[in-house]
Amino acid sequence: GNAYILIPDASNSKQKIHQVQNIIRSLPAGPIISWADSFPFEWAYPVLANDLNSRNIRFYGLDSFTYAPFSVASTEQNSGRGLIERLQTATGVLIIATPKQLGLLRIYCREHFNGKLSGRTIYPTGLAVQQVRCGVGE
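No experiment lies behind these values; they were computed from the predicted model shown. (Residues numbered from 1 in each chain as written. Predicted model: local features only at pLDDT ≥ 70, side-chain atom pairs only at ≥ 80, totals over all residues. Heavy atoms only, no water.)

Undergrad: When you look at helix α1 (residues 2–25) in this model, what are you seeing that I'm missing?
TA: The periodicity of an α-helix, 3.6 residues per turn, causes residues three or four places apart in sequence to face the same way. Here α1 is 24 residues long and its end C-alpha atoms lie 34 Å apart, about the 34 Å a rise of 1.5 Å per residue gives. Every buried residue of α1 is accounted for by I17, V20, Q21, I23 and I24. (Helix = DSSP H or I, 4+ residues; strand = E, 2+ residues; numbered from the N terminus. Expected span 1.5 Å × (residues − 1). Buried < 20%, exposed > 50% of the residue type's maximum accessible area, 1.4 Å probe, protein only.)

So, in structure tokens, the structure goes:
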């Protein structure tokens, strides 16, 4: 009885793992903003995985470790390349976030910079990676 449920689940998980790992291999080398639990770590780094190329991603986490001294976010902020600074550049930032979280970022952009959040989805299926920027005065 358990096999009837578990075999399709295992097959679906295997497909999702393959899809997410293919996407993360093609992402650029710079830091990628990952808002809270938006990134599916369980699919990107499954137990017993041995793909070292997928471990080269630098996640700029917007979570409880954002300001920890060892975090990518802290390192980027100390180097003058923090989220707020990069969000206002012409290229903006790569971010993995839910539509609700992007809505909050849109409000932040409008209220703090009198700007408009714009962007495009890079991978619409599997992993919603978006390139967004806050156009100041737009």
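Undergrad: Before we go on, may I ask you to explain the nonpolar core in this structure?
TA: Most often, soluble globular proteins keep nonpolar side chains buried together rather than apart. Among the nonpolar cores identified, the biggest contains 17 residues, and I33, L87, I95, L105 and V132 are the most heavily contacted of them. Elements supplying a minimum of two residues to this core: β1 (32–35), β2 (59–62), α4 (83–87), β3 (93–96), α5 (99–113) and β5 (129–136). The element contributing the most residues to this core is α5, with four residues. Ignoring anything within four residues of it in the chain, the contact list for I33 reads Y60, L62, L83, R86, V93, L94, I95 and I96. Ranked by size, the runner-up nonpolar core spans 13 residues in total, among them V20, F39, F59 and I96. (Core = buried A, V, L, I, M, F, W, Y, C linked by side-chain atoms within 4.5 Å. Contact = heavy atoms within 4.5 Å.)

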